[in-house]
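# Structure at a glance
Take a look at the letters that make up each chain.
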Amino acid sequence: MESSDNIKALFIVVNAGYTDTVMDIIRAEGAGGATVINARGEGAHHEMFMGITVDYEKEIILTVVDEATAKRIMAVIKDNAGWKSPLHGICFVMPVNNIIGIRAGCNEFHE
């Protein structure tokens, strides 16, 4: 098990259907892969259609990368897939204290 302050979990939340676009971005910036989680968005304003509340389908793309890669990905997401784009993308980073089982070509990522 490795311990490093350099490893980050990057979460990218976008409207459903745009995972391929985000995956192209993160791969181009050096991420090896990601996990996609289906979700739904709920905010202060709800849309109603014929008495039924319409929830916004979302996808969360989770990838584990080094800090420099996370910063590059976030910059590209901001410019190309941000809140004002059809993707309505947001992203955030969380530190990863320990990790096992990931083989990404870097010594600090594998057992």
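### Comments concerning the packing of aromatic side chains
- This structure, assessed with the given rule, holds one aromatic pair.
- Pairing F11 with F92 gives two aromatic rings, centres 4.9 Å apart and planes at 10°, and the pair type is stacked. With a gap of 81 residues between them, F11 in strand β2 (residues 7-15) and F92 in strand β7 (residues 90-95) connect regions that are remote in the sequence.
- What makes F92 partly exposed here is its relative accessible area of 37%.

### Topic: helix α2 (residues 67-80)
- Over its 14 residues, α2 runs 20 Å from end to end, which matches the ideal 20 Å to within 8%, given 1.5 Å per residue.
- Listed as buried for α2 are T69, A70, I73, V76 and I77. Down the axis, α2 shows its buried residues gathered within 130° of arc, on one side only. Turned more than 90 degrees off the buried face of α2, the exposed positions are K71, K78 and D79.

### Describing the nonpolar core
- Judged by nonpolar contacts, the single largest core of 16 residues is most densely connected at I12, V14, V22, I26, I61, I73 and I77.
- Among the elements of the structure, β2, α1 (19-28), β6 (56-66) and α2 are those that each provide at least two residues to this core.
- Excluding residues that lie within four positions of it along the chain, I73 makes contacts with L10, I12, I26, E29 and A31.
- Grouped together as the second largest cluster of nonpolar side chains are five residues, I7, A9, F11 and V96 included.

The rules we used
- Residues numbered from 1 in each chain as written.
- Predicted model: local features only at pLDDT ≥ 70, side-chain atom pairs only at ≥ 80, totals over all residues.
- Heavy atoms only, no water.
- Phe/Tyr/Trp six-rings, centres within 6.5 Å; stacked < 30°, edge-to-face > 60°.
- Helix = DSSP H or I, 4+ residues; strand = E, 2+ residues; numbered from the N terminus.
- Buried < 20%, exposed > 50% of the residue type's maximum accessible area, 1.4 Å probe, protein only.
- Expected span 1.5 Å × (residues − 1).
- Arc of directions from axis to C-beta.
- Core = buried A, V, L, I, M, F, W, Y, C linked by side-chain atoms within 4.5 Å.
- Contact = heavy atoms within 4.5 Å.

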